[in-house]
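Given next are the chains, with one letter for each unit.
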Amino acid sequence: MTESIRRRPGRNRRGRTAIAALALGAAVIGTTLTATAATASDDTAQNDPAQDDPKRVVYVEVNSNDMAGVADYTLEGTLRPAFDIAVIFAANINYDTEKQQAYLHLNDRVTETLDDAEHQIRPLQQRGTKVLLSILGNHQGAGIANFASREEAAAFAEEVAAVVEQYGLDGVDFDDEWSKYGENGTGQPNDSSFVYLVEELRERLGPDKLLTLYNIGPAADATEYDGVRAGDLLDYAWNPWYGYWDVPQIAGMEKDRLAPGAIDLTRTAQDRAQQFAQRTVDEGFGAVVTYNLTAGDHSDYISSITEPLTGLATVYQAAWYDAAVHATATCAGGDVKLKVRIDSEDSALAGAEVASSIGIRSVDDITAGEMTSIVQHAKKGAVADGELTVTLRGEAGDVALDVPYDVPVCR
């Protein structure tokens, strides 16, 4: 199926930090590695094998959909989110004709989303998804590419940083569309504007927040100025043409920070989405960008993206608990001993069952804020096979987690 190049519909409308523990544990002899999803403030998950997966990015049109829907999707057999980054689409850069300056505008729906962070943003962050705010032009002549001075860029960066901090967001996405440069007597794009803005915002937000670029418009062609490369300060850049593969060309950004595959979740053919995901892995790119997650169950389509990227299908509205599962295999008297540790911060989690090739054991008194251990010993010739299933049980229902471990050689 051939699709025409199209921009996202509705682009002219006027317009994260928690650490979520995931339950895919990878154990080695005498050492425990925990698959923990990190948010922007966390740099401790370097042993997480999931960190090597290309990022799954999704834009949500909050004028017509809720951000909360992103949290409905997890990777099968884990507590990992299907989407690593979710973008609130969109805030605007408007122009005050009296003050003759750009300012950040949050339309009613964006404001509703931010004000309802407890339900619209925190559940995503708790699961490990970073939430960004998109900033988009609004036909008024103001844009990220025509700040006339560093001072102007700094004033706008100050506004943006204040919103990020106020609502606990994980960063900002830049989108240089619909600015209509020249309107209201505004200036045309220049070489310094976007670089100044990225510099000023990075200085205010620090290194732990994400800054990303939807690679379109004059700003995308003005990423170097006076020896400074915006690409050295940005985290990711995405292809803006849905249904097509196009590698962003930005100085300072290697392929592990680029998303050349762009997927419209309502328009791109599913087989093409799968091809883009597989190509991302095969060619070593760092992300896939998707757009327009709508209400309802789209797990089959999303699975065609997550399976090539992570090896796991996507499930919809599965039970989820704020817990981490660690599995360690050691030797005891010539036999394998399995120790499964559950660290829970979730009062809704009541019990768990561990099922492996050497037996089944349960515990029914898991307490939030405390560590619970379940130990199994191989008996009667049972052979450890390196795989176990931990079923967490509680108020949200049961969720079965697949936890691999390395089998020691016991003599």
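Here goes a summary of the coordinates provided. Residue positions are counted from 1 within each chain, in the order its sequence is given. With pLDDT at 70 or above as the cut-off, local features in this predicted model cover only qualifying residues; side-chain atom pairs require 80 or more to be listed or tallied, and sums for whole chains, interfaces and linings still use all residues. To get the side-chain values, all heavy atoms of the structure are used, and hydrogens and water are removed first.

**Regarding the sheet that holds strand S17 (residues 323-332)**
Strands are treated as partners if at least two bridges between them are detected by DSSP. Helix and strand definitions follow DSSP, with helices as H or I runs of at least four residues and strands as E runs of at least two, each counted in order from the N terminus. Strand order across the open sheet formed by three strands is S17-S18-S21, with antiparallel pairing between neighbours. The open sheet is flanked by S17 and strand S21 (371-377), the only strands paired with a single partner. This sheet shows a mean twist of 15° between the axes of neighbouring strands, independent of strand direction. Two elements, S17 and strand S18 (residues 335-344), share 10 bridges in a ladder whose sense is antiparallel. The residue of S18 that forms the bridge with Ala 324 is Asp 343. To obtain an axis, a line is fitted to C-alpha atoms, over the contacting stretch when the element is a helix, and the angle between two such axes runs from 0 to 180 degrees between their N-to-C directions.

**Considerations on the packing of helix H6 (residues 270-282) against helix H7 (residues 299-310)**
Remark: H6 packs on H7, axes separated minimally by 7 Å, with the N-to-C direction vectors making an angle of 15°. With respect to each other, H6 and H7 are oriented roughly parallel. Both H6 and H7 take part in a crossing whose hand is right-handed. Taking contact as the criterion, the partners of Gln 270, Ala 273, Gln 274, Ala 277, Gln 278, Thr 280 and Val 281 in H6 are, on H7, Asp 300, Tyr 301, Ser 304, Ile 305, Pro 308 and Leu 309. For the contact of H6 with H7, the class distribution of residues is seven nonpolar, five polar and one charged. Roughly parallel covers angles under 35 degrees, roughly antiparallel covers those over 145, roughly perpendicular covers 65 to 115, and oblique covers all other angles. If you view the pair so one helix is near and one far, a crossing is left-handed when the near helix is turned anticlockwise from the far one by less than a right angle, and right-handed when it is turned clockwise. Contact definition: two residues touch when any of their heavy atoms are within 4.5 Å. Gly is put with the polar residues, along with every residue not named as nonpolar or charged; the nonpolar set is Ala, Val, Leu, Ile, Met, Phe, Trp, Tyr, Cys and Pro, and the charged set is Asp, Glu, Lys and Arg.

**Considering the layout of surface pockets**
For the second largest pocket, the calculated volume is near 190 Å³. Using a grid of 1 Å spacing that covers the protein atoms alone, one calls a set of points a cavity when a 1.4 Å probe fits there but cannot get out, and a pocket when the set is open and has protein on both sides within 12 Å along at least five of seven lines; lining residues are those with an atom within 4 Å of a point. Along the wall of the second largest pocket there are 15 residues; nearest its centre are Tyr 95, Asn 146, Ala 148, Glu 152 and Gly 187. Grid points are joined across faces, edges and corners, and a volume is the space filled by probe spheres set on the points.

**What to know about the packing of aromatic side chains**
How two aromatic rings sit relative to each other is given by the distance of their centres and the angle of their planes. Two rings belonging to Phe, Tyr or Trp (six-membered ring only in the last case) form a pair when the distance between their centres is within 6.5 Å. Interplanar angles under 30 degrees mark stacking, angles over 60 mark edge-to-face geometry, and anything in between is tilted. Taken as a whole and assessed by the stated rule, the structure comprises 13 aromatic pairs. Here the aromatic cluster, defined as three or more aromatic residues joined through ring pairs, consists of Tyr 59, Phe 89, Tyr 214, Tyr 242 and Tyr 291. Lysine NZ or arginine CZ positioned within 6 Å of the ring centre and within 35 degrees of the ring normal marks a charge as sitting over the ring. Against the face of Trp 320 rests Arg 127, its NZ or CZ located 4.5 Å from the ring centre. Looking at Arg 272, its charged tip hangs above the ring of Tyr 244, at a distance of 6.0 Å from the centre.

**Concerning the pairing of strand S23 (residues 399-404)**
On S23, burial follows the alternation: Val 399, Leu 401 and Val 403 on one face are buried, whereas Ala 400, Asp 402 and Pro 404 on the facing-out side are not. Both strand S22 (residues 387-394) and S23 contribute to a ladder of six bridges, which runs antiparallel. Within the sheet, the bridge partner assigned to Leu 392 lies in S23 and is Val 399. Connecting the antiparallel pair S22 and S23 is a turn made up of four residues, with Gly 397 showing a positive phi of about 110°. The buried label goes to any residue with under 20% of its type's maximum accessible area, the exposed label to any with over 50%, and the partly exposed label to all in between, with areas taken from a 1.4 Å probe on protein chains only.

**What about the pairing of S18?**
Residues Val 336, Leu 338, Val 340, Ile 342 and Ser 344 of S18 are buried on one face, while the alternating residues Asp 335, Lys 337, Lys 339, Arg 341 and Asp 343, pointing to the opposite face, are not. In the sheet, S18 pairs with S21 via seven bridges, with the strands oriented antiparallel. From the neighbouring strand, Leu 338 faces S21, where its bridge partner is Gln 376.

**Topic: the sheet that holds strand S20 (residues 359-363)**
Pairing in this open sheet of four strands is antiparallel, and the strands run S20-S19-S22-S23 from one edge to the other. Strands with a single pairing partner mark the edges of an open sheet, and in this sheet they are S20 and S23. The average angle at which neighbouring strand axes cross in this sheet is 20°, direction not considered. With seven bridges joining them, strand S19 (residues 349-356) and S22 adopt antiparallel strand pairing. Within the sheet, the bridge partner assigned to Gly 351 lies in S22 and is Arg 393.

**Brief notes about H6**
The α-helix winds at 3.6 residues per turn, so residues separated by three or four positions along the chain end up facing the same way. Given a helix with a known number of residues, its expected span is that number minus one, times 1.5 Å. Between its first and last C-alpha, H6 extends 18 Å over 13 residues, near the 18 Å set by a 1.5 Å rise per residue. Every buried residue belonging to H6 is among Arg 272, Ala 273, Phe 276, Ala 277 and Thr 280, and all of these are buried. Along the axis of H6, the buried residues cluster in a sector spanning 140°; they form a single face. On its buried face, H6 sits against strand S14 (261-264), strand S15 (287-291) and H7. The positive-phi residue at the C-terminal boundary of H6 is Gly 284, with phi of around 75°. Directions from the helix axis toward the C-beta atoms define the arc.

**Section: the packing of helix H4 (residues 150-166) against helix H5 (residues 193-205)**
Across the interface, H4 lies against H5 with an axial gap of 8 Å and an inter-helix angle of 40°. Taken together, H4 and H5 sit at an angle that is classed as oblique. As for the relative orientation of H4 and H5, their crossing is right-handed in sense. Each of Arg 150, Ala 153, Ala 154, Phe 156, Ala 157, Glu 158, Val 160, Ala 161, Val 164 and Glu 165 in H4 lies in contact with H5, whose residues at this interface are Ser 193, Tyr 196, Leu 197, Glu 199, Glu 200, Leu 201, Arg 204 and Leu 205. Of the residues in the contact of H4 with H5, the class split is 11 nonpolar, one polar and six charged.

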